[in-house]
Amino acid sequence: MDETPLLIVDGANVVGSRPDGWWRDRAGAAARLRDALAPVAAAGLPARLAAPVEVVLVLEGAARDVPGTDEVRVVAAARSGDDAIVELVADAPRRRRLVVTADRELRERVTALGAEVYGPRWLREVPTDRAE
């Protein structure tokens, strides 16, 4: 079993959970989320998830072109972001897989595959905007 946990973030769902004007710049909001997730790879989430962590951000629609970084792998969903997340979970059956989403149907699909599921508030320790 791979000891490095796999944290999969439903980008559209997490970005959409905060009414901060994300709809005016979906790609910008996704990039801010990606950047806010970067420290999780090395530091984990205190008292929630030990480091190191492989962080994957799944993006779709207008945010699909946001590139990944060394710390956060971005998966640009060709069709459904939910389907891409289910595929990532299914492809790593021997790892601890954590999915962050509030989507009920997606929660059921990945739980059936053995993943842990957390809502967007679970990432509360990770700010989604950075001070300039």
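Colleague: Report on the environment of Pro67, specifying residues and quantitative values.
Modeller: Mapped onto the elements, Pro67 comes out in the loop between β2 (54-59) and β3 (72-76). Classification of Pro67 as exposed rests on a relative accessible area of 52%. Along the sequence, Pro67 and Ala30 sit 37 residues apart, while their C-alpha atoms lie 9.8 Å from each other. With sequence-adjacent residues up to four places away left out, Pro67 is seen in contact with Arg34 and Val74.

Colleague: Describe the packing of aromatic side chains, listing the residues and the values that go with them.
Modeller: Two aromatic rings, taken as a pair, are described by how far apart their centres are and by the angle between their planes. One pass over the structure, following the stated rule, counts one aromatic pair. Between Tyr118 and Trp122, the ring centres sit 4.3 Å apart and the planes meet at 20°, which makes this aromatic pair stacked. The class of Tyr118 is partly exposed, set by a relative accessible area of 23%.

Colleague: Tell me about the nonpolar core, and please be specific about residues and values.
Modeller: In summary, soluble globular proteins display a tendency toward joint burial of nonpolar side chains. In this structure, Leu7, Val9, Leu37, Val55, Leu57, Trp122 and Leu123 are the most contacted members of the largest nonpolar core, which totals 27 residues. Of all the secondary-structure elements, those providing two or more residues to this core are β1 (6-10), α1 (11-16), α2 (26-43), β2, β3 and β4 (97-100). Here this core gets eight residues from one element, more than from any other, and that element is α2. Leave out the neighbours within four places in its chain, and Val55 touches Leu7, Leu37, Val40, Ala41, Glu71, Val72 and Arg73. By size, the runner-up hydrophobic cluster in this structure holds 17 residues, among which are Val58, Val75, Val86 and Leu106.

Quick notes on the rules
Residues numbered from 1 in each chain as written. Predicted model: local features only at pLDDT ≥ 70, side-chain atom pairs only at ≥ 80, totals over all residues. Heavy atoms only, no water. Helix = DSSP H or I, 4+ residues; strand = E, 2+ residues; numbered from the N terminus. Buried < 20%, exposed > 50% of the residue type's maximum accessible area, 1.4 Å probe, protein only. Contact = heavy atoms within 4.5 Å. Phe/Tyr/Trp six-rings, centres within 6.5 Å; stacked < 30°, edge-to-face > 60°. Core = buried A, V, L, I, M, F, W, Y, C linked by side-chain atoms within 4.5 Å.

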